[in-house]
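As a plain string of letters, each chain reads:
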Amino acid sequence: GTFGLSAGESQLARYESSAPAVRSFCSRCGSPLFFQSSRWPGEIHVTLASLDSAEGLEPKGHAYWGSRAPWLGWDGGGLPKVEPSSE
């Protein structure tokens with residue numbers, strides 16, 4: 001699919017948190033919005049809490065499964081568990 005902002009682009013701030021990663025957030029309130037990384041070229045990871053609705057969106061995998069909260073007590077279902085390589 002194609003990603004685009006319908007409004008508020010002038011309020012978007014970007015921060016390069018590491019060499020491969022750029023995080024985007026609202027410059028007015030600080031809410032995290034997007035994550036992009038050269039580890040996943042062509043992908044924009046969007047925080048679900050920033051969407052009006054997550055209807056029609058289904059997860060495709062669990063990233064950083066090995067560092068999940070130990071008290072979660074969930075096996076992750078049948079989705080792939082992805083551990084990014086340490087480049």
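Residues numbered from 1 in each chain as written. Predicted model: local features only at pLDDT ≥ 70, side-chain atom pairs only at ≥ 80, totals over all residues. Heavy atoms only, no water.

A short note on the packing of aromatic side chains
For the record, the criterion: For Phe, Tyr and Trp, rings pair up if their centres lie within 6.5 Å, where Trp contributes its six-membered ring, and each pair is then called stacked (planes under 30 degrees apart), edge-to-face (over 60) or tilted (otherwise). Charges are assigned to positions over rings by a cutoff of 6 Å between ring centre and Lys NZ or Arg CZ, combined with an angular limit of 35 degrees from the ring normal.
In this structure the tally under the stated criterion is two aromatic pairs. With a centroid separation of 6.1 Å and 65 degrees between ring planes, the pair formed by W65 and W74 is classed as edge-to-face. Sitting over the ring of W65, K81 keeps its end group 5.1 Å from the ring centre.

So, a nonpolar patch on the surface
In plain terms, the rule: For patches, a residue must show more than 30% relative accessible area and have no salt bridge; joins then use 9 Å for like charges and 5 Å for nonpolar side chains, namely Val, Leu, Ile, Met, Phe, Trp and Tyr. Per-residue accessibility takes into account occlusion by the displayed protein chains alone, with areas from the Shrake-Rupley method and a 1.4 Å probe. Just to be clear on terms, a salt bridge is a Lys or Arg side-chain nitrogen sitting within 4 Å of an Asp or Glu carboxyl oxygen. Secondary structure elements follow DSSP: runs of H or I of four or more residues count as helices, runs of E of two or more count as strands, with numbering from the N terminus.
Together, F3, L5, I44, V46, L48, L51 and L57 make up an exposed nonpolar region whose accessible area comes to about 560 Å². One can find L48 in the loop between β4 (45-46) and β5 (62-63).

Focus: the sheet that holds strand β2 (residues 21-26)
Keep this limit in mind: Paired strands, in this sense, are two strands between which DSSP finds at least two bridges.
The four strands are arranged β1-β2-β3-β4 in an open sheet whose pairing can be described as antiparallel. Looking at strand neighbours, the two that pair on one side only are β1 (12-18) and β4, the edges of this open sheet. Of the strand pairs in this sheet, β1 and β2 are connected by six bridges, and their pairing is antiparallel. If you follow R14 over to β2, its bridge partner there is S24.

Here's the deal with unusual backbone geometry
To keep it simple, the criterion reads: Each residue gets one of three labels from its accessible area relative to the maximum for its type: buried under 20%, exposed over 50%, partly exposed in between, using a 1.4 Å probe on protein chains only.
With phi around 60 degrees, Y64 is a residue other than glycine that occupies positive phi space. Looking at Y64, the relative accessible area reads 40%, which means it is partly exposed.

A closer look at the confidence of the model for the protein
Keep this limit in mind: Confidence per residue, as judged by the predictor, is encoded in pLDDT with a range of 0 to 100.
When pLDDT is averaged across the protein, the result is 86; 95% of the residues are at 70 or more. Mean pLDDT across the elements of the protein ranges from a minimum in β5, with 84, to a maximum in β2, with 94.

Re the pairing of strand β3 (residues 32-37)
Summarising the sheet, β2 and β3 pair through five bridges and their orientation is antiparallel. Its bridge partner lying in β3, V22 is registered against Q36. Hairpin connection, β2 to β3: the antiparallel pair is bridged by five residues, and G30 has positive phi, about 85 degrees. The pairing of β3 with β4 spans two bridges and is classified as antiparallel. Along β4, the bridge assignment pairs F34 with V46.

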